[in-house]
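The lines below spell out each chain.
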Amino acid sequence: MATYQNRSIVLSKRPEGEIQDGDLSLVSNDMPALKDGEILIKTLWLSLDPYMRPRMNDMKGYMDPVAIGGVMTGESVGRIVESKSDKYAVGDIVTSYSGWQEYHIVPDSQEMMYKVNADGVPLQAYLGVAGMPGRTGYLGLVNVGKPKAGETVVVAAASGPVGTVVGQTAKQLGCRIVGIAGGEEKCRYVVDELGFDDCINYKEGDLSEQLKAACPDGIDVYFENVGGDVTKAVAPLMNAGSRAPICGYVSAYNATNMGEVETPFHILGALPEPPEHRFFLVTEWQDQHAEITQLLADRVKSGELKYQETIAEGLENAVEAFKGMLKGKNFGKQLVHIAD
Ligand SMILES: NC(=O)c1ccc[n+]([C@@H]2O[C@H](COP(=O)([O-])OP(=O)(O)OC[C@H]3O[C@@H](n4cnc5c(N)ncnc54)[C@H](OP(=O)(O)O)[C@@H]3O)[C@@H](O)[C@H]2O)c1
């Protein structure tokens, strides 16, 4: 076996608030030899996702925090470059939870590892609208949001991979879909390219007034991605019998103490008639992974499902890209291109 030099990004120190220099470090190591039943995967594309920030905190969430000195968690698309398994051959492409690194070795029985048969779909789409965020938007909307034709659906972070799929799916189901996004360019894209009925730039003007004007019949489904001031503006417009899938609340992810944050549960729960709301995880529907990935990939291939992406070049630029994404510097899915 050839010797492979790996580079990875490890958590050196738990950030307090925003990530600072020295919290995450780039380190190198030689990859060990493969054992029977193992495969060596070279990362081609790394996904950067908001959930990674809470994983840096010393707080037990739905998953354990990343250990100090541990490789940052993350999903990637990679190519198998060595195999001692009869299930995977050299050249196979897989999505797997590699972490932020250029190579990783896993047993062929690794959970949450899936072969990709791209067939005309860009590989990196399997980390975006045809990947975990896309399945999140689709399954969370359909199963928890339960939208019906003619209803009004609102989603923030509308130009990101989750929001993009929520909006285009809601539109296809015959709903009125109103996006919220940070900036005129993102809003124009969401309406002109993605086909949303309206989009509000929450960084300009009075969000509550603009939202009221965009939702004359109130809001039936609020797909929660961001929390904070956006949720406060949405809450009074929620109709009787409305639903709010709580997907995440990225506005709080850099908080110094997440335990003290006013969450969407506080805001929506305090309404006289709270909407039906609950947190969900995309893994609730892991048994539909193949089916929904295929459905979304087919829509990408046909051109029906549109999306944007922002690409950082090389692992050494992952940290800055990640910090930027939490502030909305990304336009669409934030990726790191590692290798061709
Ligand atoms: N529950 C699950 O299983 C699951 C799975 C995947 C993702 N998620 C959640 O889904 C949400 C969207 O994920 P994504 O991957 O599609 O992210 P994304 O949209 O690519 O990136 C995050 C976006 O959040 C927006 N944002 C940041 N700070 C904000 C603030 N203070 N107020 C309003 N918007 C703010 C920014 O967009 P603007 O410039 O438009 O503000 C930023 O681009 C996140 O909350 C994530 O944690 C949950």
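On a predicted model such as this, the values are computed, not experimentally measured, just so you know.

A. How the structure looks around the domain arrangement of the chain. Here the chain is partitioned into domain 1 (5-128 + 307-337) and domain 2 (133-283). The centre of domain 1, based on its C-alpha atoms, is set 28 Å off from the matching centre of domain 2. Every contact between the two is made by 23 residues of domain 1 and, on the other side, 20 residues of domain 2. Buried area between domain 1 and domain 2, both sides added, is near 1700 Å², and the carbon and sulfur share of it is 64%. The largest per-residue losses of area from domain 1 upon contact with domain 2 belong to Tyr 62, Leu 326 and Phe 331, which jointly make up 27% of the total buried on that side. Summed over the shared surface of domain 1 and domain 2, the number is zero salt bridges. Classifying every residue of the side of domain 1 that touches domain 2 gives 11 nonpolar, seven polar and five charged.

B. Spotlight on empty space enclosed by the protein. Inspection of the entire model under this criterion finds one cavity of 30 Å³ or more. Space inside the largest cavity adds up to approximately 40 Å³. Residue lining of the largest cavity: Glu 18, Ile 19, Asn 254, Lys 323, Leu 326 and Lys 327, and that is the complete set. Of the residues in the lining of the largest cavity, the class split is two nonpolar, one polar and three charged.

C. Structural detail: the sheet that holds strand E10 (residues 198-201). Strand order in the open sheet formed by six strands is E10-E9-E8-E11-E12-E13, and the pairing between neighbours is parallel. Looking at strand neighbours, the two that pair on one side only are E10 and strand E13 (276-279), the edges of this open sheet. Direction aside, the axes of adjacent strands within the sheet are offset by 15 degrees on average. Here strand E9 (residues 176-181) pairs with E10 via four bridges, running parallel. The residue bridging Ala 181 from the neighbouring strand is Asn 201, located in E10. On top of the sheet, helix H3 (residues 184-192) reaches E9 and E10; it is set at about 170 degrees to E10, its chief contact. On top of the sheet, helix H4 (residues 207-214) reaches E9 and E10; it is set at about 175 degrees to E10, its chief contact.

Here is what the cut-offs are and how they apply
Residues numbered from 1 in each chain as written. Predicted model: local features only at pLDDT ≥ 70, side-chain atom pairs only at ≥ 80, totals over all residues. Heavy atoms only, no water. Domains from an automatic or database assignment. Contact = heavy atoms within 4.5 Å. Buried area = accessible area lost by both parts, 1.4 Å probe. Salt bridge = Lys/Arg side-chain N within 4 Å of Asp/Glu carboxyl O. Nonpolar A, V, L, I, M, F, W, Y, C, P; charged D, E, K, R; others polar. 1 Å grid on protein atoms, 1.4 Å probe; cavity = no way out; pocket = protein on both sides within 12 Å on 5 of 7 lines; lining within 4 Å. Points joined across faces, edges and corners; volume = space filled by probe spheres on them. Pairing = 2+ DSSP bridges. Helix = DSSP H or I, 4+ residues; strand = E, 2+ residues; numbered from the N terminus. Axes fitted to C-alpha atoms, helices over the stretch in contact; angles between N-to-C directions.

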